Amino acid sequence: MLLKIKNLHASINGKEILKGVNLEVNKGEVHAIMGPNGTGKSTLASVIAGREVFEVTKGEVLYKGKNLLDIPVEARACEGIFLGFQYPVEIPGVSMTNFMRTAVNEQRKYHGLDPIPSGEFLRLMEEKKKMVEITAKLTNRSVNEGFSGGEKKKNEIFQMAMLNPTLSVLDETDSGLDIDALRIVANGVNKLRSKENATIVITHYQRLLDYIVPDFVHVLFEGRIVKSGGKELALELESKGYEWIKDGIS
Amino acid sequence: MKNNLNSFPLSDKFIHDFGVYQADIKRYDNEKIALCRDQAFEHFLKIGLPTRNLEDWKNTDLSEVYNESYNHFYHEFEKVEDIDKVFQCNVPHLNTIMLAMLNGRYVSKDEQLKVLPNGVIYGSFEAALQQYPDLVAKHYAKYADYTKNGFTAINTAMAQDGFFIYVPDGIEVKKPVQIVNVIHHEHNICIQTRNLIVLGKNAKLTLIHCDDSYNHQKSLSNTISEIVLGENASLDHYKMQNVNNDSTLINFAYFHMDANARLCSNGLSLNGGILKNNNYVKMNGEGSECNIYGLYLMDRKQHIDNLVYVEHLKPHCTSNELFKGIIDDSASAVFNGHVIVSKDAQKTNAFQSNKNILLTDKAKVNTKPFLEIYADDVKCSHGATVGQLDTEAMFYIRSRGISEHNAQMLLMYAFADEVIQKISIEALKHRLEDMVKKRLRGELSVCEQCVLHCSNPEKEYSFEIDLTKI
């Protein structure tokens, strides 16, 4: 088992957001987590990635059998966890190339590898750029600065491709995308799917799941996963709305 | 004589030394300059050294400096054994005309003043006093108002040497002129340096001014530079400060700009105990433009105080200030930006920006961007920020596997980069990029790795892969 979340409770500023989440993800699987706004989807993603503002008050998260909550953000990334941000952060003055090179090399260092040779790095950049149809030169562009909404999301998938993670958590990667960008982003994710990795796709709408077909769909509601099923659950949700879930619980 | 305002060992020593040495100090003066010195001295007696009671000095405490006993106010020309070895700049591909100053004295292997076939004159200020008394007297103390502060007054009275550069009308000095100003003495010393730079009409000059210190003795440097830009003249002025933690640098640069002149000044303060930089810019002709930039990286107990005072006297001028600083440990920084737009200076553009990052709870910033506008058709803005490193950006960077320390480095470097990118000499820009990276990583040693090459040849760094090596 790649990821095992047991009775996870997490809060921010004393307010409990996650109230007992249970989730199991195996290699080779794609899980979709759906649910209405403010229900804890992004919090769950943040807790997996290690954002420190969230306090885990109860429960555990095991990743590759190890307690994930004990290790800092960057070590989680080096262990293969990738978070695709809902709102990618702009970092003026840090070029994409430098950012990616530093990230790739730090991850290599973590695994006892030498820094990537320059030529190889540039080839890798070009290859992955093509995959997500980024045509702009990234060398002189600061991270996400002046990127359009679609470019920012493509850039997240580009970074995912560069870092080749084992577990990707994509937080509302579809929000703010037009249909073309959505297709490109989804194609990127699909190309990266393998038997050796897993993806958790967090989304509000069923639309993305037409392109990234999940093995499992979970509904997160008021801090708990209240319903799980196959991909047909997403369609059912789409037609019946979240009210249907709320009614089912109450 | 009684100094009735404030009396400190330092001001007493100044007064005493002027009494004792004034004949020597004035030995090359013509009447005008000698008179000027006397008047400046009289003002010093009245106003004394600036204290925190004065608005421009209220956040910089110099009392320790004032109570320190410094030696060697006045000294004869010192022999330098091997000038080439002491003054050697190893910035790759930086090809400059190098002028060297040791403890406030101009040093050179050959003549003290050089006159080029195109009329350009450069070298020792004292030699210029002897050889071009009228030219010096025409400008001496014309821009540096000694009635306003004690440092300018006592410097005007006592300073003997410094560097002198004269660029005649229509001449462009192709190679940058680099002044390496080294403080290196066995005693705690105080030096007073006087610089004069005159650019004629349509003249063009690039000046790199480096302040370095060699040893770890305490020192005080009071430097006044008067810089005249004639009509349509252009000056790029870089000031590098990398001195030891016991050094106090008091700098006054007085820029006087005629119509359509262009000034770009970039102050890069990497190290020093107390740094007080005062830039006064008088925009005295229509259509002139000045860009004043500054970057300061302070830590431990270091202190920096940047003052920029820009006077817009004529219409259609633009001034632009950008100062950025990173303050660590219990260091402190002050920014005072004061722009005056006079009644006649319509169509003025004036912008001030000061941004600071504080890395600790004890680091401190006082910033005051200030506009004083008497014209009604102007575009002016000012702003200041003081903050910490962006936590969202930190999380984003770390989430890609980059350690907290290196994420901080990336963000700090990115913050500083905006000012470094303003450097238009590529070789210098690359060196500064390197130095700033090292400074931020805490690897920059004042004595070994500065713009000035001391004894150990430094390895060259590849900038592309630099950050990944950290």
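Calculation criteria
- Residues numbered from 1 in each chain as written.
- Chains lettered and ligands numbered in written order.
- Predicted model: local features only at pLDDT ≥ 70, side-chain atom pairs only at ≥ 80, totals over all residues.
- Heavy atoms only, no water.
- Helix = DSSP H or I, 4+ residues; strand = E, 2+ residues; numbered from the N terminus.
- Rg over C-alpha atoms; globule rule 2.2 N^0.38 Å.
- Buried < 20%, exposed > 50% of the residue type's maximum accessible area, 1.4 Å probe, protein only.
- Areas by Shrake-Rupley, 256 points an atom, 1.4 Å probe, with all protein chains shown as cover.
- Lys, Arg positive; Asp, Glu negative; His and termini not counted.
- Charge placed at Lys NZ, Arg CZ, Asp CG, Glu CD.
- Phe/Tyr/Trp six-rings, centres within 6.5 Å; stacked < 30°, edge-to-face > 60°.
- Lys NZ or Arg CZ within 6 Å of the ring centre and 35° of its normal.
- Pairing = 2+ DSSP bridges.
- Axes fitted to C-alpha atoms, helices over the stretch in contact; angles between N-to-C directions.
- Parallel < 35°, antiparallel > 145°, perpendicular 65-115°, else oblique.
- Left-handed = near helix turned anticlockwise from the far one by under 90°.
- Contact = heavy atoms within 4.5 Å.
- Nonpolar A, V, L, I, M, F, W, Y, C, P; charged D, E, K, R; others polar.
- Buried area = accessible area lost by both parts, 1.4 Å probe.
- Salt bridge = Lys/Arg side-chain N within 4 Å of Asp/Glu carboxyl O.
- Polar contact = N/O pair within 3.5 Å; in protein donor to acceptor, adjacent residues only side chain to side chain.

Caption draft 1: Molecular detail of the overall build of chain A. Across its full length, chain A holds 9 helices and 12 strands. Against the globule reference of 18 Å for 250 residues, chain A gives a C-alpha radius of gyration of 18 Å, in line with a compact fold. Seen through its principal axes, chain A has C-alpha atoms that stretch 60 × 40 × 35 Å. Buried positions account for 56% of the 250 residues belonging to chain A. Entry remark: accessible area of chain A is about 11000 Å², with carbon and sulfur atoms responsible for 49%. Across chain A, the mean location of the 33 positive side-chain charges is 3 Å away from that of the 33 negative side-chain charges.

Caption draft 2: Layout of the packing of aromatic side chains. All told, the structure shown has 15 aromatic pairs over all chains when counted by the stated rule. On the basis of an interplanar angle of 55° and a centroid distance of 5.6 Å, the ring pair of F85 of chain A and F395 of chain B is categorised as tilted. With F85 of chain A in the loop between β6 (81–84) and β7 (91–95) and F395 of chain B in helix α8 (residues 391–398), this residue pair bridges two chains. Of the two residues, F85 of chain A and F395 of chain B, neither departs from the other in class, the shared state being buried. Here the aromatic cluster, defined as three or more aromatic residues joined through ring pairs, consists of F8, W57, Y66, F151, F252, Y254, Y280 and Y309 of chain B. We note R400 of chain B situated over the ring of Y396 of chain B; from NZ or CZ to the ring centre the distance is 4.8 Å.

Caption draft 3: Region of the structure containing the sheet that holds strand β5 (residues 121–124) of chain B. Residue and element names in this part refer to chain B. Overall, mixed pairing links the 10 strands, which are arranged β4-β5-β6-β8-β10-β12-β14-β16-β18-β20 in an open sheet. Looking along the sheet, the strands with just one partner apiece sit at the ends: β4 (113–115) and β20 (364–373). Strand-to-strand twist across the sheet, computed as the mean angle between neighbouring axes with direction ignored, equals 5°. In this structure, β4 lies alongside β5, joined through 3 bridges in antiparallel fashion. Following the sheet pairing, L113 is matched in β5 by G123.

Caption draft 4: Representation of the packing of helix α4 (residues 118–131) of chain A against helix α5 (residues 149–163) of chain A in the model. All names here are of chain A. In the contact formed by α4 and α5, the axes pass within 9 Å of each other and the chain directions differ by 135°. By the angle class used here, α4 and α5 are oblique. α4 and α5 meet at a crossing whose hand is right-handed. Note on element contacts: α5 touches α4 through F158, A161 and M162, opposite F121, L124, M125, K128, K129 and M131. Its residues assigned to classes, the contact of α4 with α5 comprises 7 nonpolar, no polar and 2 charged.

Caption draft 5: A look at the interface of chain A and chain B. Contacts between the two partners involve 34 residues from chain A, matched on the other side by 21 residues from chain B. The contact between chain A and chain B buries some 2400 Å² in all, and 60% of this surface belongs to carbon and sulfur atoms. At the surface where chain A touches chain B, the tally comes to 4 salt bridges. The salt bridge involving R398 of chain B is made with E52 of chain A; its shortest N-O contact spans 3.3 Å. Where chain A touches chain B, the interface holds 13 residue pairs in polar contact (both at pLDDT 80 or more). When contributions to the side of chain A that touches chain B are tallied by element, the ones reaching two or more residues are α2 (73–78), β6, β7, α3 (96–110) and α5 of chain A. It is α3 of chain A that contributes the most residues to the side of chain A that touches chain B, 9 residues altogether.

Caption draft 6: The arrangement of unusual backbone geometry in detail. Of note in this structure, N144 of chain A is not a glycine but carries a positive phi near 60°. We classify N144 of chain A as buried; its relative accessible area is 0%. A positive phi angle is found at D329 of chain B, which is not glycine, with a value near 50°. Judged by relative accessible area, D329 of chain B falls into the partly exposed class, the value being 31%.

Caption draft 7: Structural context of the pattern of salt bridges. In the structure shown here, the tally under the stated rule is 37 salt bridges over all chains. E74 of chain A is the partner of R398 of chain B in a salt bridge, and the nearest nitrogen-oxygen pair spans 2.7 Å. Of this pair, R398 of chain B sits in helix α8 while E74 of chain A sits in helix α2, on two different chains. By relative accessible area, which is 6% here, R398 of chain B ends up buried. The buried category is assigned to E74 of chain A, whose relative accessible area is 14%. R262 of chain B is the partner of D236 of chain B in a salt bridge, and the nearest nitrogen-oxygen pair spans 3.2 Å. Separated by 26 residues along the polypeptide, D236 of chain B in strand β11 (residues 234–242) and R262 of chain B in strand β13 (residues 262–271) bring together distant segments of the chain.

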